[in-house]
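# Structure at a glance
Residue strings, one per chain:
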Amino acid sequence: LDRSSVATPESEARDPALEKIYNSLHDGHERFPSETKALVAPITKDVSTSLYTVALNTDKQFVLDLAGPLLWFPCPPGHPTVPCNSTACAAAGAFHPPRCPRIAAIDKQPCTCTAYPVNPVTTMCSSDDLTFTSVTLSSTDGKNPTTAVCVPEVVSSCAPKGLLNSLPAAAVGVAGLARSGLAVPSQLFSKLYLKKQFAICLPSSGAAPGAAFFGTEPFYFLAAPPVDVAARLTYTTLLRNPRNPAYYLEVKGLAVNREAVPFLARMLEFDSLGHGGVMISTAAPYTTLTSHIYRPFLKAFAAATKAIPRAPKVKPFGLCLNSTALGSTRVGYGVPQIDVMLAGGRNWTIFGANSLKQVDKDTACLAFVDGGPKAEQAMVIGGYQLENSFLLFDLARSRLGFLSTLLGIMTTCSNFNFTVKA
C-alpha cells in the first residue's frame, strides 16, 4: 500500500477538528527539548505467554505488536473522542481487520470515530472510540536514559477489558508498531521530529529487560568495551503488503548447515491478494512455516543432526533432541546453523540459542512449528528467533537493519544500561 494513500499524523495537522492536538508541535518547543534525538523504553518478556511488553508512561506495560496499527487500551469514563470526518479517523480505518464487522455510523452529532482494535494473539476484534492519550518515555543519548519526555495527545483506541484475554496479566493494552499512520512510531516521529526509525531488542528471559528505541543511533550495549550495535548491522529490504501494515522480508530460501532446503522459492512470495510472504511477528512465540515448507525443513534439520540422540517430541514441536549430548557454544547449543536467505545474497543466521528451545532438563526441541497447509503467511518469524537479536526498522528507506545474535559479540539485549544519567 502506498504510504501517500494512508493518512499520517503529518497530514492530520491540517485537520481543524484535530488542530488542538497538533498545535503543540509548532508552538512552545520547550515541551520537547531540542536535544531529544531518540527515546528508549524497556521491553519485558512475559514467560507465561511468551509475549513481550513495552513500558510506556513509566511503568504501564503494553504488549508489543509489530503488526499492530494502533495503540489501544480500556479507556476511563469521560475519555475524549475524535470526530469521524477527521483524517485521524480515516487513518484508523486504513487497515480494517478482515474478520471485524464494521459498525454502521449512527446519525448523531457530533459524529465520533470508531476504531477496531485487535488482540494479536486470539485475533479477536472489537469496535470502540478513537481517543487520545499522553505517552511518557525517556530520551536517551544511546548509552543511558536521560530525561522523561511526555508526548501529549497521541491518537489511540479504546477497547473493552475482555479484549485483553490471553495477554500478559500485567498488560494494560497493546502498542502497535506497524507501518501505519497511527502506530506508536509514526506518531512519535512526527510529534518529536525524530529520525524515522525504531529498533527492538527482545530479551530471552523475564529476569532483565531488553530495549526499544525510537529515533537516531547510537545504541550502546554493555560489553567490554561497550558496543554500538548500529555500526554492526546488515540491511535488507522491507516489503509492503497491500492487505496489512506488518513488516515483510524478501526471502529467497532456507538453508540448514549451509545446504539449501528443497522447496519452491515462489512459495515464499505474496500472491496477487497479498496472501503468503514472510512476516516478522512479536505475537507468534515461534517461527511458523506453512506445511509445504515445514516438512522439507524438518527433514533437512533431522538429517543434519542424525548423530544426536532423539528425545520424545513435545508439542508443538516436530523434533526434539537429547540435550545432554549437545555441546555448548557462545551462541547456544552446537547444532547446525539455519540461514534465512534474503534478497541480495545476505543471510539471517539462526544459531542454537535461537533454534533450540529447552523444554525440560534433558530435552531441547527445534523451535519452529508447522502452521498447516493453509497458513496465511508462508513464514512468520516469531519471538523466540528474535530474542537477543537487534532489529532496526528504517521506515524512511524501507529497510531492516539486523544483527541476528548479540551473543556473538559477547552481549545480550538485556545489557542496555537503564540507569538514568545524573
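Residues numbered from 1 in each chain as written. Predicted model: local features only at pLDDT ≥ 70, side-chain atom pairs only at ≥ 80, totals over all residues. Heavy atoms only, no water.

### Thoughts on helix α4 (residues 184-192)
Cut-off, in case you're wondering: Three labels apply to residues, based on accessible area from a 1.4 Å probe with only protein chains included: buried if under 20% of the type maximum, exposed if over 50%, partly exposed otherwise in between. Under the DSSP-based scheme used, a helix requires at least four consecutive residues in state H or I and a strand at least two consecutive residues in state E, with every element numbered from the N terminus.
Most of α4 sits inside the fold, with 9 of its 9 residues counted as buried. Within α4, the full set of buried residues consists of Val184, Pro185, Ser186, Gln187, Leu188, Phe189, Ser190, Lys191 and Leu192. The positive-phi residue at the C-terminal boundary of α4 is tyrosine 193, with phi of around 55°.

### Quick notes on the sheet that holds strand β22 (residues 338-342)
Short version of the rule: Note: two strands are recorded as paired if DSSP finds a minimum of 2 bridges between them. The contact rule is simple, with two residues in contact once any of their heavy atoms fall within 4.5 Å. An axis is simply a line fitted to the C-alpha atoms; with a helix, the fit covers only the stretch in contact. Between two such axes, the angle follows the N-to-C directions and lies from 0 to 180 degrees.
Taken in spatial order, the 4 strands make up an open sheet running β16-β15-β22-β23, and their pairing is antiparallel. Since the sheet does not close on itself, it has two edges, and those belong to β16 (259-260) and β23 (347-350), each with one partner. Relative to β23, β22 runs antiparallel, the two being bridged by 4 bridges. Directly across from methionine 341, in β23, lies its bridge partner asparagine 347. Against the sheet, helix α5 (residues 291-304) makes contact with β15 (251-256) and β22, and its axis sits at roughly 30° relative to β15, the strand it touches most.

### A closer look at the pattern of salt bridges
Applicable threshold: Between Lys or Arg on one side and Asp or Glu on the other, a salt bridge is scored when a side-chain nitrogen of the former is within 4 Å of a carboxyl oxygen of the latter.
As enumerated under the stated definition, the model contains 7 salt bridges in all. The partner of arginine 99 in a salt bridge is glutamate 376, and the shortest N-O contact between them spans 3.5 Å. Of the two residues, arginine 99 is situated in the loop between α3 (87-92) and β5 (114-115) and glutamate 376 in the loop between β26 (368-370) and β27 (379-381); the sequence distance between them amounts to 277 residues. Here the salt bridges share partners, and the residues they tie into one network are Arg99, Arg243 and Glu376.

### Focus: unusual backbone geometry
Here the amide bond leading from glutamate 217 into proline 218 is cis, since omega sits at 15°, within 30 degrees of zero. With respect to the helices and strands, proline 218 occurs in the loop between β10 (210-215) and β11 (220-221). Proline 225 follows alanine 224 through a cis peptide bond whose omega is -5°. Here proline 225 lies in the loop between β11 and β12 (227-228). Of note in the backbone geometry, serine 50 takes a positive phi value of approximately 60° without being a glycine. In this structure, serine 50 sits in the loop between β1 (38-46) and β2 (51-56). Since its relative accessible area comes to 16%, serine 50 is described here as buried. With a phi close to 75°, serine 166 is a non-glycine residue in the positive phi region. You can call serine 166 partly exposed: its relative accessible area is 46%.

### A look at the sheet that holds strand β19 (residues 320-322)
Overall, antiparallel pairing links the 3 strands, which are arranged β19-β25-β24 in an open sheet. With partners counted over all chains shown, the strands left at the sheet margins are β19 and β24 (356-360), one partner each. When strand polarity is set aside, the average angle formed by the axes of neighbouring strands in this sheet is 35°. Where β24 and strand β25 (residues 363-366) come together, 4 bridges link them in antiparallel fashion. Across the sheet, the residue bridging to leucine 356 is leucine 366, located in β25.

### Section: the environment of tyrosine 193
Counting through the fold element by element, tyrosine 193 comes out in the loop between α4 and β9 (197-201). Residue classification places tyrosine 193 among the partly exposed positions, given a relative accessible area of 47%. In this structure, the C-alpha to C-alpha distance between tyrosine 193 and glycine 215, residues 22 residues apart in sequence, is 8.8 Å.

### Brief notes about the state of the cysteines
Selection criterion: Pairs of cysteine sulfur atoms within 2.5 Å are identified as disulfides in what follows.
Following the criterion strictly, the structure yields 6 disulfides and no others. In this model cysteine 201 forms its disulfide with cysteine 413; the gap between the sulfur atoms is 2.0 Å. Measuring the twist about the S-S bond at about -80°, one finds the cysteine 201-cysteine 413 disulfide to be left-handed. In this pair, cysteine 201 sits in strand β9 while cysteine 413 sits in the segment after β29 (399-403), placing the two residues 212 residues apart along the sequence. Cysteine 413 matches cysteine 201 in its accessibility class, with the two residues each being buried. Each bonded cysteine of the protein gets a number by its place in the sequence, and the pairs then read 1-8, 2-5, 3-6, 4-7, 9-12, 10-11. Free cysteine: cysteine 150, not disulfide-bonded; nearest cysteine sulfur from cysteine 75 at 17 Å.

### Re the nonpolar core
Convention followed: The set of buried Ala, Val, Leu, Ile, Met, Phe, Trp, Tyr and Cys residues whose side-chain atoms join them within 4.5 Å is what this entry labels a nonpolar core.
In this structure, Phe198, Ile200, Trp348 and Phe393 are the most contacted members of the largest nonpolar core, which totals 68 residues. Sort the elements by how many residues they give to this core and α5 lands first, with 5 residues. Beyond its immediate sequence surroundings of up to four residues, isoleucine 200 is in contact with Ile43, Leu64, Leu66, Leu177, Ala211, Ala212, Thr282, Ser389, Phe390, Leu391 and Phe393. Ala199, Phe213, Leu392 and Leu406 belong to the second largest nonpolar core, which has 17 residues in total.

### A closer look at the confidence of the model for the protein
Which entries qualify depends on this criterion: Each residue carries a pLDDT score, the predictor's own confidence in it, on a scale running from 0 to 100.
Considering every residue of the protein, the mean pLDDT works out to 90; 90% of them sit at 70 or more. Below a pLDDT of 50 lies the segment residues 1-30, which in the model reaches 56 contacts outside its immediate sequence neighbourhood of four places, other chains included.

### Some details on α5
Condition: A helix's residues, less one, multiplied by 1.5 Å, set its expected span.
For α5, built from 14 residues, the straight-helix expectation of 20 Å at 1.5 Å per residue is met to within 8% by its first-to-last C-alpha distance of 20 Å. Among all positions of α5, only Ser291, Ile293, Tyr294, Pro296, Phe297, Leu298 and Phe301 are buried. Where α5 is buried, its residues contact β15, β18 (287-289), β22, β24, β25 and β26.

### Digging into the environment of alanine 171
In this structure, alanine 171 sits in strand β8 (residues 171-176). Alanine 171 gets classed as buried once you look at its relative accessible area, which sits at 8%. When the C-alpha positions of alanine 171 and proline 117 are compared, they lie 15 Å apart, and in sequence the two are 54 residues distant. For alanine 171, the residues in contact, after removing those within four places along its chain, are Thr53, Gln61, Val63 and Leu164.

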